[in-house]
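# A closer look at the structure
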Amino acid sequence: MPVLNRWWIAVAGVCLQMALGAAYAWSVFRIPLSKEFGWSISQVTLTFTISWFFLGCSSVVGGLWMKRIGPKVVAMVAGLLWGGGVFLASFSAHRLWWLYLTYGVIGGIGLGMGYIVPITVLVKWFPDHRGLITGIAVAGFGAGSLFSAPAAGWLMQHVGLLPTFAYLGVAYGIIAIIASLFMQNPPEGWEPEGWTPTAKHISQRADRDYTLGEALSTWQWWAICALMSINTMAGLSIVSQASPIFQEMGKASAATAASLVGIISIGNGAGRIFWAWVSDLTTRKTAFFLMYLVEAVIFWSYHTIGSLTVLGIVTFILVMCYGGAYGITPAFAADYFGPRDVGSIFGLMMLPWAFASAFGPLLFAYRRQMDGNYVQGLYLIAGMVTVALILPTLVTPPRSRKSANEQQTKSRFDVEEVVD
């Protein structure tokens, strides 16, 4: 297959991710659902939490299934589940359990199975720009609400709340299925013409491909899980409540808040590319440390912001940092464990991530409901991110025992040469 085709695959991957990433627009539905059906903040937020939880649980299923039948079929099925789940949510009138089942469970399974596909495919097509391409691959997911949030707001005004789910579900499904037709792995042993790994690449990568079982036996796998999960708890708490935050703290109208949700989604997408690019220039762990540092500074002072303009800018930066973890982590996994089984290795990382993504927004929404403001919830996140700054400084690439012995022998030989 010509090398040029890998860029068309990248474009299709971004389109697939944008259809899936429309899930980020959920905060636009929170107030309308509460007003129309009398559901509480926590009850409505739980829908978002369920979908994110099942995203994490189903990612490893998508990764393992791809090894058997290839990425194209997995992506198609994912598009049908996500689009179908959103469509079926249009029948949720006064039935909260149905909203949880359709948008939350069915849609969430589609999100997870589809999310892993472009990441796994593009990591293999772009070994020369692994961080940047995974950033691009997930940027579409982060920017999904750029179009879906304003579209949902417009549809709710013109066709009503529940019919909006039907229209959006059909659109998401069609886009995802068309994009899935481009999803395919490169030929075995394929590499970009004229590319050779640099010393920096080699020093930050594993000495071989690890199986899923081997990766799980390393402490590095769990450390990378923690890095992504903590960042998710912090960022997703804000993303899940973005529209109400703009309305309550910034005194914005519902329409303005919906537009701002779309704008900050640009930050989600841009952060995935920007921080992944930074990780290529420095290292994955350096980029994580810098993201955590920025988040810690902002979360400690976020509650003091009264200006809608400043609130929008600061939230945009926070969402960039939140998105950055999704750009860096797949490349992190491919670097530390090899690209061969990155679909299942990174996919399983989404399982502990699922618990973090469920716990963080739910706790944040609960604190808002109990306290009447976001201050205590913001302090909890600020403290967690501050403590977590130590994690990126500890993680190092895994090395097999054979490689370690060879390195020790080489070091001993070098010392003996110096002595002689």
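Up top is the structure.
The paragraphs below set out a description of the structure included in this document.

Quick notes on the rules
Residues numbered from 1 in each chain as written. Predicted model: local features only at pLDDT ≥ 70, side-chain atom pairs only at ≥ 80, totals over all residues. Heavy atoms only, no water. Helix = DSSP H or I, 4+ residues; strand = E, 2+ residues; numbered from the N terminus. Rg over C-alpha atoms; globule rule 2.2 N^0.38 Å. Buried < 20%, exposed > 50% of the residue type's maximum accessible area, 1.4 Å probe, protein only. Contact = heavy atoms within 4.5 Å. Areas by Shrake-Rupley, 256 points an atom, 1.4 Å probe, with all protein chains shown as cover. Lys, Arg positive; Asp, Glu negative; His and termini not counted. Charge placed at Lys NZ, Arg CZ, Asp CG, Glu CD. Polar contact = N/O pair within 3.5 Å; in protein donor to acceptor, adjacent residues only side chain to side chain. Axes fitted to C-alpha atoms, helices over the stretch in contact; angles between N-to-C directions. Parallel < 35°, antiparallel > 145°, perpendicular 65-115°, else oblique. Left-handed = near helix turned anticlockwise from the far one by under 90°. Nonpolar A, V, L, I, M, F, W, Y, C, P; charged D, E, K, R; others polar. 1 Å grid on protein atoms, 1.4 Å probe; cavity = no way out; pocket = protein on both sides within 12 Å on 5 of 7 lines; lining within 4 Å. Points joined across faces, edges and corners; volume = space filled by probe spheres on them. Expected span 1.5 Å × (residues − 1). Arc of directions from axis to C-beta.

## Considerations on the overall build of the protein chain
The number of helices and strands found in the protein chain is 19 helices and 0 strands. On C-alpha atoms alone, the protein chain measures out to a radius of gyration of 22 Å, which is about the 22 Å that the 2.2 N^0.38 rule sets for 420 residues. Based on the C-alpha atoms only, the size of the protein chain along its principal axes is roughly 80 × 45 × 30 Å. Classification of the 420 residues of the protein chain by burial places 57% in the buried group. Partitioning the contacts of the protein chain with sequence separation of at least 6, the portion at a separation of at least 24 is 84%. Total accessible area computed for the protein chain in this model is approximately 16,500 Å², and 69% of it derives from carbon and sulfur atoms. Considering the protein chain, the positive charge centre built from 24 side chains and the negative charge centre built from 19 side chains are found 10 Å apart.

## Considerations on the side chain of serine 51
Here serine 51 shows up in helix α3 (residues 41-69). Side-chain polar atoms of serine 51 contact the backbone oxygen of phenylalanine 48, separated by 2.8 Å.

## What about the packing of helix α7 (residues 145-158) against helix α8 (residues 161-180)?
What describes two packed helices is the angle between their axes and the distance between those same axes. Packing of α7 against α8 brings their axes to within 8 Å, and their N-to-C directions diverge by 140 degrees. In terms of orientation, α7 and α8 fall into the oblique class. Every pair of crossing elements has a handedness; the one defined by α7 and α8 is right-handed. Contacts between α7 and α8 involve Ser148, Ala152, Leu155 and Met156 from the former and Leu161, Thr164, Tyr167, Leu168 and Tyr172 from the latter. For the contact of α7 with α8, the residue count by class is 7 nonpolar, 2 polar and no charged.

## Observations concerning unusual backbone geometry
Despite not being glycine, histidine 94 shows a phi value in the positive range, around 60 degrees. For histidine 94, the location among the structural elements is in the loop between α4 (71-88) and α5 (96-125). Histidine 94 gets classed as exposed once you look at its relative accessible area, which sits at 61%. Look at lysine 251: it is not a glycine, yet its phi comes out positive at around 60 degrees. Within the secondary structure, lysine 251 is located in the loop between α12 (242-248) and α13 (254-281).

## Describing empty space enclosed by the protein
Applying the stated criterion across every chain yields a total of 4 cavities of 30 Å³ or more. Empty space within the second largest cavity amounts to approximately 50 Å³. Of the residues forming the lining of the second largest cavity, the biggest block, 4 residues, is contributed by α13.

## Here we look at α7
For α7, spanning 14 residues, the distance from its first C-alpha to its last is 19 Å, which sits close to the expected 20 Å at 1.5 Å a residue. All of the buried residues in α7 are Ser145, Ser148, Ala149, Ala152, Gly153, Leu155 and Met156. The buried residues of α7 occupy an angular sector of 170 degrees when the element is viewed end-on, so they sit on one face. In this structure, α7 carries Phe147 and Gln157 as exposed residues pointing more than 90 degrees from its buried face. Close packing links the buried residues of α7 with α1 (5-21), α2 (27-37), α8 and α13. Glycine 160 occupies a position one or two residues after α7 and carries a positive phi of about 105 degrees.

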